[in-house]
Amino acid sequence: MYTYWLIPTVIAAGLQWYARWRGHRWLHLITKPAVMLLLLAWVWQSTHFEGFTGWIGLALFFSLLGDILLMLPPSFFMAGLGAFLLGHICFMLGFRVASLSGQPLLWGVGIVLLAMALYTQQYYWKVLKKKLYSKKVRSGVMLYIIIIHGMIFSAVSTFWQPEWSAVTAGLVAVGAVLFGISDSTLAYNRFMKKIPIAHVWIMITYHMAQMAMTLGVVLQYFQMA
């Protein structure tokens, strides 16, 4: 299953966290894209992007693109946001959504996530408008909030898909939630109030999210083979 790819990925991620903590710019510039490149190589060598893993490969590619764009000047923020938005859509297509028919608990999860997305949208719309962000930025953030909650829902719904085991579904679900925590921290730190060493916590939760989802996908692929 080529799980040895997890070792260099964890090392690269650890170096990235250290670089962000200590402010080593060149180490940051090297290790940030390296993590996603290693995850892409892991999925490719393990699955050759067959079946649903093709969508996951695209999601990782757009995440890599988003990482690179967010390392550029602030004017590239919206482009980076767009890349991650496309990545979340690809994750959704890869995880799909279990049928809601006869699944009251899944209905409940969906309703809770939708309520959270709408509340967060309203909250940030008022904040961004008050701080005079352009309508383009506000609209982009509003769309992103809905999409990432949809991605979390699709990941959680794998628990109700018979072909997914509890372990693999748990990995992608935990990864998706960690992704949401990472993005929430980023948004609060960028638009609301600065958080001490936020850049470190953002990267830790982000990389743990990507690694958990990738591991879940690779294990699921071999489980279905």
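Shown above is the structure to which this text applies.
The structure presented is a predicted model; accordingly, all values stated were derived computationally and were not measured.

Across all of its chains, the model carries one salt bridge by this definition. Here E163 and R96 are joined by a salt bridge, their closest N and O atoms 2.4 Å apart. Of the two residues, E163 is situated in the loop between α6 (135-156) and α7 (166-192) and R96 in the loop between α4 (77-95) and α5 (104-130); the sequence distance between them amounts to 67 residues. Residue R96 is classed as partly exposed on the basis of its relative accessible area of 45%.

Right, let's talk about the environment of K135 for a bit. Structurally, K135 is set in helix α6. Along the primary structure K135 and W125 are separated by ten residues, whereas in three dimensions their C-alpha atoms are 9.5 Å apart.

What follows deals with α5. The terminal C-alpha atoms of α5, which comprises 27 residues, lie 39 Å apart, in line with the 39 Å expected from a rise of 1.5 Å per residue. Taken as a whole, α5 has its buried residues at L106, L113, A117, Q121, Y124, V127 and L128. Residues of α5 that are buried sit in contact with α6 and α7. L132 sits one or two positions beyond α5 and adopts a positive phi of about 65°.

Right, let's get into the layout of surface pockets. The computed volume of the largest pocket comes to approximately 1,100 Å³. Lining of the largest pocket is provided by 43 residues; of these, S182, D183, L186, A187 and I202 occupy positions nearest its centre. When contributions to the lining of the largest pocket are tallied by element, the ones reaching two or more residues are α2 (25-47), α3 (53-70), α4, α5, α6, α7 and α8 (198-224). The dominant element in the lining of the largest pocket, judged by the number of residues it contributes, is α7, at twelve residues. Across the lining of the largest pocket, the residue classes tally to 28 nonpolar, eight polar and seven charged. Here the second largest pocket is characterised by a volume of approximately 190 Å³. Looking at the second largest pocket, the residues that line it are L100, L106, W107, G110, I111, L113, L114, A117, I146, H149, G150 and F153. A per-element tally of the lining of the second largest pocket places α5 first, with seven residues. Its residues placed into classes, the lining of the second largest pocket shows nine nonpolar, three polar and no charged.

For H48, which is not glycine, the phi dihedral falls at a positive 55°. Mapped onto the elements of the fold, H48 is located in the loop between α2 and α3. Here H48 falls in the partly exposed class, since its relative accessible area comes to 44%. Even without being glycine, L132 reaches a positive phi, approximately 65°. When you line up the elements, L132 lands in the loop between α5 and α6. Using a relative accessible area of 75% as the deciding quantity, one classes L132 as exposed.

With that settled, the discussion passes to the packing of α4 against α7. As a packed pair, α4 and α7 sit with axes 13 Å apart at the nearest point and diverge in direction by 160°. By the angle between their directions, the pair α4 and α7 is classed as roughly antiparallel. Seen along the crossing, α4 lies across α7 with a hand that is left-handed. On the side of α4, the interface is formed by F77, F84, H88, F91 and F95, while α7 contributes V172, F179, D183, L186, R190 and F191. Looking at the contact of α4 with α7 residue by residue, the classes come out as eight nonpolar, one polar and two charged.

One finds L60, F91, F95, V141, F179 and M213 to be the most contacted residues of the largest nonpolar core, which totals 57 residues. Only α1 (6-22), α2, α3, α4, α5, α6, α7 and α8 provide two or more residues apiece to this core. In this structure, L60 is in contact with M36, L39, L40, V43, F91, Q210 and T214, ignoring residues within four places of it in sequence.

So, about the packing of aromatic side chains. By the definition in use, this model includes 17 aromatic pairs. Plain terms: the ring middles of Y123 and Y124 are 5.4 Å apart, the flat faces sit at 90° to each other, and that makes the pair edge-to-face. Y123 gets classed as partly exposed once you look at its relative accessible area, which sits at 32%. One aromatic cluster in this structure is built from F77, Y119, Y123, Y124, Y133 and F191. Its end group placed over the ring of W125, R138 keeps NZ or CZ at 4.7 Å from the ring centre. One residue, R190, lies across the ring of F77, its end atom 3.8 Å from the ring centre.

What counts, and at which threshold
- Residues numbered from 1 in each chain as written.
- Predicted model: local features only at pLDDT ≥ 70, side-chain atom pairs only at ≥ 80, totals over all residues.
- Heavy atoms only, no water.
- Salt bridge = Lys/Arg side-chain N within 4 Å of Asp/Glu carboxyl O.
- Helix = DSSP H or I, 4+ residues; strand = E, 2+ residues; numbered from the N terminus.
- Buried < 20%, exposed > 50% of the residue type's maximum accessible area, 1.4 Å probe, protein only.
- Expected span 1.5 Å × (residues − 1).
- Contact = heavy atoms within 4.5 Å.
- 1 Å grid on protein atoms, 1.4 Å probe; cavity = no way out; pocket = protein on both sides within 12 Å on 5 of 7 lines; lining within 4 Å.
- Points joined across faces, edges and corners; volume = space filled by probe spheres on them.
- Nonpolar A, V, L, I, M, F, W, Y, C, P; charged D, E, K, R; others polar.
- Axes fitted to C-alpha atoms, helices over the stretch in contact; angles between N-to-C directions.
- Parallel < 35°, antiparallel > 145°, perpendicular 65-115°, else oblique.
- Left-handed = near helix turned anticlockwise from the far one by under 90°.
- Core = buried A, V, L, I, M, F, W, Y, C linked by side-chain atoms within 4.5 Å.
- Phe/Tyr/Trp six-rings, centres within 6.5 Å; stacked < 30°, edge-to-face > 60°.
- Lys NZ or Arg CZ within 6 Å of the ring centre and 35° of its normal.

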